[in-house]
Amino acid sequence: MKILDRYIAKTLFKYSLSVMSILVGVFAFFKFLEEVDDIGRAGYTLIDALIYIGLTLPSIAYLLFSLIILLGVILSLGSLAANSELVVMRSTGLSIIDMTKSALKISLVFALVMILIGEFLAPIASNYAKKYRAEAMGQKIVDVNQQGFWIKDGQHIIHVDKNINGNQFKDVTLIKLKSSKNLDSVTHSQQASFDGKVVDMRASKSYQIDQSGQFSIVDKQELPQLSTQVAFDQEFLKSLKKEPKELSTWQLFKQISYLASNQLSADSYEVELYNRLAKPVTLVAMIVLSIPFVFGSLRDASLGKKIFLGVVISLFFQLAANIGAQFSLLYNLNHFLVAFTPTLIVFAFALINLKRISAR
């Protein structure tokens, strides 16, 4: 049994690597075509373009890993079926369920490796790739978004007109609330510093608002320094300029927690987080759904057609899951249920179908 498991794992791993090389290579080629027009501008050379594309490969592989593993499983088992090796394995007492388990084990190991690459290596490589390309083309490098932002932090609303580098702000307004409908004070400063925990505003003008009855009394003060402790940090500021899909899972979780604690909408981040958490389950469901097409064709001359049909059905299911995420945002549905319910339904159907095929 262990020998057969290792043989199936070896075959699956070989085909998965082959599929990854082809798909990542195709995407990298099209990305290279996008860079051709920029080669020769400033100091941007062909070598620079190749280095830039090389640094983006981990992100491309992470984006495609579900498709890579699915095709790897189908093609490897299809190859074993075409060579009648699956028939021999079944004659030794190895059931279809056992072979499916073997395929799933190596698939999940491969998926775990790809997830680790996507969560840790890909963001670092992508950020360095952007900086490397910008430097090669003589562009100014900025680590944090130069544009301003609004942040609600507890009883404070903070507006920064210009974020220099995550540590220095310009044209800062701090609005302090007594309640959701009443202002306590408004403070403005041309310059402020941020150490990751405290916003330190210098040479500020503060307007204390005392609301009594129908009138508001405004008391203006000149403050040489005003320090305010906040709940966000530099990593949160960096995440403001990124789309949810560009954030790591941990960053998504922090973003959702922060927005929820301040009663702000985190829908787009929740959809991305739940889809990402559902991705391994979706991958398993697609594999289990497509495997019966291989085992159901051991004596069928149309093996290639049925394998292709299995892949198409699985990919259509993945596409439907992505569309469901957009409907979840559009109609304000429960994002967790939308992410997991279709996958679990298809998974249950796939298990029933697999059990039916294995009983033959």
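For the structure itself, consult the block above.
Residues numbered from 1 in each chain as written. Predicted model: local features only at pLDDT ≥ 70, side-chain atom pairs only at ≥ 80, totals over all residues. Heavy atoms only, no water.

Here we take up the overall build of the protein. What the protein contains, in helices and strands, is ten helices and six strands. Looking at the protein residue by residue over its 360 residues, the buried ones come to 42%. For the protein, long-range pairs separated by at least 24 residues make up 60% of all intrachain contacts whose partners lie at least 6 apart in sequence. For the protein, the accessible area works out to roughly 19,800 Å², and carbon and sulfur atoms hold 62% of it. (Helix = DSSP H or I, 4+ residues; strand = E, 2+ residues; numbered from the N terminus. Buried < 20%, exposed > 50% of the residue type's maximum accessible area, 1.4 Å probe, protein only. Contact = heavy atoms within 4.5 Å. Areas by Shrake-Rupley, 256 points an atom, 1.4 Å probe, with all protein chains shown as cover.)

Within the secondary structure, Asp200 sits in strand 5 (residues 198-212). Arg202 provides the closest opposite charge to the buried, salt-bridge-free Asp200, at an N-O distance of 4.2 Å. Here the side chain of Asp200 touches Gln225 through a polar contact of 2.9 Å, side chain to side chain. A polar atom in the side chain of Asp200 sits 3.3 Å from the side chain of Ser227. Once you skip the residues sitting within four places of it in the chain, Asp200 turns out to touch Gln191, Ala192, Ser193, Gln225, Leu226 and Ser227. (Lys, Arg positive; Asp, Glu negative; His and termini not counted. Salt bridge = Lys/Arg side-chain N within 4 Å of Asp/Glu carboxyl O. Polar contact = N/O pair within 3.5 Å; in protein donor to acceptor, adjacent residues only side chain to side chain.)

For the rest of this paragraph, the subject is the packing of aromatic side chains. All chains considered together, the criterion is met by eight aromatic pairs. Measuring from centroid to centroid gives 5.8 Å for Phe13 and Phe110, while their planes differ by 70 degrees, and the two rings are edge-to-face. Highlighted residues: Phe13 in helix 1 (residues 2-36) and Phe110 in helix 5 (residues 96-136), separated in sequence by 97 residues. Ring geometry for Tyr274 and Phe336: centres 5.5 Å apart, planes at 90 degrees, overall edge-to-face. Note that Tyr274 is positioned in helix 8 (residues 267-295) and Phe336 in helix 10 (residues 335-358), a separation of 62 residues in sequence. Taken together, Tyr274, Phe336 and Phe340 form an aromatic cluster joined through their ring pairs. One Lys or Arg, Arg133, reaches over the ring of Tyr44 and ends 5.5 Å from the middle of that ring. Here Arg133 stacks its cationic end above the ring of Tyr52, 5.7 Å away from the centre of that ring. (Phe/Tyr/Trp six-rings, centres within 6.5 Å; stacked < 30°, edge-to-face > 60°. Lys NZ or Arg CZ within 6 Å of the ring centre and 35° of its normal.)

Next up on the list: the pattern of salt bridges. Inspection of every chain in the model, using the stated rule, returns five salt bridges. Here Glu119 makes a salt bridge to Arg276, at a shortest N to O gap of 3.7 Å. Of this pair, Glu119 sits in helix 5 while Arg276 sits in helix 8, and the two are 157 residues apart along the sequence. Taking relative accessible area as the criterion, Glu119 reaches 16% and is therefore assigned buried. Its salt-bridge partner being Glu272, residue Arg276 comes within 2.9 Å of it at the nearest N-O pair. Taken together, the positions of Arg276 and Glu272, both in helix 8 and four residues apart, correspond to about one turn of that helix. Salt bridges here are not isolated pairs; linked through shared partners, they connect Glu35, Asp38, Arg41 and Arg133.

To continue, consider the packing of helix 1 against helix 5. Two numbers describe how helix 1 lies on helix 5: the axes approach to 11 Å, and their chain directions differ by 25 degrees. It follows that helix 1 is roughly parallel to helix 5 by the angle criterion. Regarding helix 1 and helix 5, the two cross each other, and that crossing is right-handed. Facing helix 1, whose interface residues are Asp5, Ile8, Ala9, Leu12, Phe13, Ser16, Leu17, Met20 and Glu35, helix 5 presents Met99, Ser102, Ala103, Lys105, Ile106, Ser107, Phe110, Met114 and Arg133. Its residues placed into classes, the contact of helix 1 with helix 5 shows eleven nonpolar, three polar and four charged. (Axes fitted to C-alpha atoms, helices over the stretch in contact; angles between N-to-C directions. Parallel < 35°, antiparallel > 145°, perpendicular 65-115°, else oblique. Left-handed = near helix turned anticlockwise from the far one by under 90°. Nonpolar A, V, L, I, M, F, W, Y, C, P; charged D, E, K, R; others polar.)

With their axes 10 Å apart at the nearest point, helix 5 and helix 8 run at an angle of 145 degrees to one another. Considering the relative orientation of helix 5 and helix 8, their crossing is right-handed. Counted together, Ile96, Met99, Thr100, Ala103, Leu104, Ser107, Leu108, Ala111, Ile115 and Glu119 of helix 5 and Arg276, Pro280, Leu283, Val284, Ile287, Val288, Ile291 and Phe295 of helix 8 form the full contact between these two elements. Counted by class, the contact of helix 5 with helix 8 contains 14 nonpolar, two polar and two charged residues.

Here we take up a nonpolar patch on the surface. Taken together, Ile22, Val26, Phe27, Phe29, Phe30, Leu33 and Val36 make up a surface patch of nonpolar side chains, about 660 Å² in accessible area. Mapped onto the fold, Val36 is located in helix 1. (Patch = residues over 30% accessible without salt bridge, like charges linked within 9 Å, V, L, I, M, F, W, Y side chains within 5 Å.)

Quick look at the nonpolar core now. Core analysis: the biggest nonpolar cluster contains 46 residues, and Ile69, Val73, Leu86, Ile287, Ile291 and Phe295 have the highest contact counts within it. Contributions of two or more residues to this core are made by helix 1, helix 2 (46-63), helix 3 (65-82), helix 4 (85-91), helix 5, helix 8 and helix 10. Every residue in contact with Val73, bar those within four places of it in the chain, is listed here: Leu12, Ala103, Ser107, Ile287 and Ile291. Val172, Val230, Phe232 and Leu273 belong to the second largest nonpolar core, which has 23 residues in total. (Core = buried A, V, L, I, M, F, W, Y, C linked by side-chain atoms within 4.5 Å.)

With that settled, consider helix 10. Taking 1.5 Å as the rise per residue, helix 10 with 24 residues should run 34 Å; its terminal C-alpha atoms sit 35 Å apart, in good agreement. Every buried residue of helix 10 is listed here: His335, Val338, Ala339, Phe340, Thr343, Val346, Ala350, Asn353, Leu354 and Ile357. At the N-terminal end of helix 10, a side-chain oxygen is found 3.1 Å from the backbone nitrogen of Phe336, two or three residues along, and the residue is Asn334. (Expected span 1.5 Å × (residues − 1).)

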